[in-house]
Amino acid sequence: MKKRKVKISRLLLLIAIVLLLAIALFFGIGKLFSRNPEPSVPDNPNIIESNDDRKVIIDVLDYLVFADAKEKVGFDFVVARLRFTSRDGSTISYDLKDLYTSERLQLDNGRYYADKLSEKSYYLSSLNVTYEIKELASKDDRLIVIPYSDSSDKLTISDAEGFIFEFDLSDNLHSIEELQYTSGSDIAIGGSFEAYLSDAYITQPQYMQRNGEDMDYPSTVQIYTFKLHINSIDEEGIYIAKAEFVSDTLEEGIYYALDDSFSSIKASNIINKPLNKDDEAALFFEIINVDGSAPDFKGTLRLMMSNQNDWIEISAK
């Protein structure tokens, strides 16, 4: 009988131990899971975060929406004027790849989209778009191009430091046709010669040759190309001996046309070539563009004909 009581006592003790272990295990697991709370939900992305800690403050001053471009160039786009302000008064450098759209597109490829536009004879030159933000003053305004493909009415740009702005794509509408060069409006007349400027665009450096050999230009060089159409020519054998581009906005002011050893696989060089009625050929100018700004064709073309000593001028817009 005594042995039976001992066995029962041991059984009860074992049951108690098992129950205590089960309870301890239950609460232990609960505490374990409590160490990994649910991920925090980020704030509403449409709310502008505090800029107190950022070194460069960004504000959007105004913008233009080109919502009719997609059928012509494959994308619509916004040109926005951004103000960059240094909090400590130092010069500003800002990597545009850190700025991205709600379509997850980084904005450091503006030059690519500008080239796509220029291939279709649409130019951002009059807007002076910027492709890089380097060594700006402590406060500076720059225009950037922001492509998009979604047909919604809203587009957001933001960065990792809390800047966010939402564009209303139904407002500030402009037509891509405003960016097309208007040809034929400016005519050069000089003695027996009459011509007009039919186009102005950037020739990609890889298309340039000298004496039949491909050119190897650095990335800072742009080839400004002005195409002339000869309306009439009353004297055989005359040609354009030299030409200048007098820019209204570019730093050096006066640029000299490349000589006849230069050519492009896209257009022939008109310098030193005998002219005939209805000829159409180009003048090429090497422009150094260190800051990555958009081409600006505003200025005056000056032509010196082989049969005279006075400049003939054509206004470029």
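Conventions and cut-offs
- Residues numbered from 1 in each chain as written.
- Predicted model: local features only at pLDDT ≥ 70, side-chain atom pairs only at ≥ 80, totals over all residues.
- Heavy atoms only, no water.
- Patch = residues over 30% accessible without salt bridge, like charges linked within 9 Å, V, L, I, M, F, W, Y side chains within 5 Å.
- Areas by Shrake-Rupley, 256 points an atom, 1.4 Å probe, with all protein chains shown as cover.
- Salt bridge = Lys/Arg side-chain N within 4 Å of Asp/Glu carboxyl O.
- Lys, Arg positive; Asp, Glu negative; His and termini not counted.
- Charge placed at Lys NZ, Arg CZ, Asp CG, Glu CD.
- Helix = DSSP H or I, 4+ residues; strand = E, 2+ residues; numbered from the N terminus.
- Buried < 20%, exposed > 50% of the residue type's maximum accessible area, 1.4 Å probe, protein only.
- Pairing = 2+ DSSP bridges.
- Phe/Tyr/Trp six-rings, centres within 6.5 Å; stacked < 30°, edge-to-face > 60°.
- Lys NZ or Arg CZ within 6 Å of the ring centre and 35° of its normal.
- Arc of directions from axis to C-beta.
- Contact = heavy atoms within 4.5 Å.

## Description of a negative patch on the surface
- There is a patch of like negative charges on the surface, built from Asp 95, Asp 98, Asp 108 and Glu 161.
- By the element assignment, Asp 108 lies in the loop between β4 (100-101) and α3 (110-119).
- Judged by its relative accessible area of 32%, Asp 108 falls in the partly exposed class.

## Some remarks on the pairing of strand β2 (residues 76-86)
- Judged by how many residues are buried, β2 sits mostly within the fold: nine of eleven residues are covered.
- As paired elements, strand β1 (residues 56-66) and β2 share ten bridges and run antiparallel to each other. Along β2, the bridge assignment pairs Ile 57 with Thr 85.
- Here β2 pairs with strand β6 (residues 139-148) via ten bridges, running antiparallel. Across the sheet, the residue bridging to Phe 77 is Pro 147, located in β6.

## Digging into the pattern of salt bridges
- Here the structure, examined in full by the defined rule, presents eight salt bridges.
- Its salt-bridge partner being Asp 259, residue Arg 210 comes within 3.9 Å of it at the nearest N-O pair. Of this pair, Arg 210 sits in strand β12 (residues 208-210) while Asp 259 sits in the loop between β16 (254-256) and β17 (262-264), and the two are 49 residues apart along the sequence.
- For Arg 210, a relative accessible area of 37% corresponds to the partly exposed category.
- Close ionic contact of Glu 313 with Arg 302 constitutes a salt bridge, the shortest N to O distance being 3.7 Å. Of this pair, Glu 313 sits in strand β20 (residues 311-316) while Arg 302 sits in strand β19 (residues 299-305); the two residues are eleven residues apart in sequence, bridging distant segments of the chain.
- A relative accessible area of 48% means that Glu 313 is categorised as partly exposed.

## Focus on the packing of aromatic side chains
- Across all of its chains, the model carries 14 aromatic pairs by this definition.
- Taken together, a centroid distance of 6.1 Å and an interplanar angle of 55° make the contact between Phe 75 and Phe 77 tilted.
- With a relative accessible area of 0%, Phe 77 lands in the buried category.
- Centroid distance Phe 75 to Tyr 113: 4.9 Å. Interplanar angle 75°. Geometry classified as edge-to-face. In this pair, Phe 75 sits in the loop between α2 (70-73) and β2 while Tyr 113 sits in helix α3, placing the two residues 38 residues apart along the sequence. Residues Phe 75 and Tyr 113 agree in their burial class; the two are buried.
- A connected cluster of aromatic rings, assembled from ring pairs, spans Phe 66, Phe 75, Phe 77, Tyr 112 and Tyr 113.
- The lysine or arginine in question, Lys 266, covers the ring of Tyr 207, its NZ or CZ lying 4.7 Å from the ring centre.

## Quick notes on the sheet that holds β2
- The strand order across the open sheet formed by four strands is β6-β2-β1-β9, and the pairing between neighbours is mixed. Edge positions in the sheet fall to β6 and β9 (173-174), since each has one partner strand and no second.

## As for unusual backbone geometry
- Backbone geometry at Arg 104 places phi at a positive 65°, although glycine is not the residue there.
- When you line up the elements, Arg 104 lands in the loop between β4 and α3.
- The class for Arg 104 is exposed, based on a relative accessible area of 62%.
- Although it is not a glycine, Asn 272 adopts a positive phi angle of roughly 65°.
- The topology assignment puts Asn 272 in the loop between β17 and β18 (280-288).
- By relative accessible area, which is 33% here, Asn 272 ends up partly exposed.

## A few points about the sheet that holds strand β13 (residues 213-214)
- Read from one edge to the other, the open sheet built from three strands follows the order β13-β12-β17, with strand pairing classed as antiparallel. The open sheet has two free edges, formed respectively by β13 and β17, since each of these has just one partner strand.
- Here β12 pairs with β13 via two bridges, running antiparallel. Residue pairing in the sheet places Gln 209 in a bridge with Asp 214 of β13.

## What about α3?
- Among the residues of α3, Gly 110, Tyr 113, Ala 114, Leu 117 and Ser 118 are the ones counted as buried. Around the axis of α3, the buried residues are gathered within 140° of arc, so they sit on the same side.
- Considering only its buried residues, α3 is in contact with α2, β2 and β6.
- In the stretch just after α3, Ser 121 is the one whose phi turns positive, near 65°.

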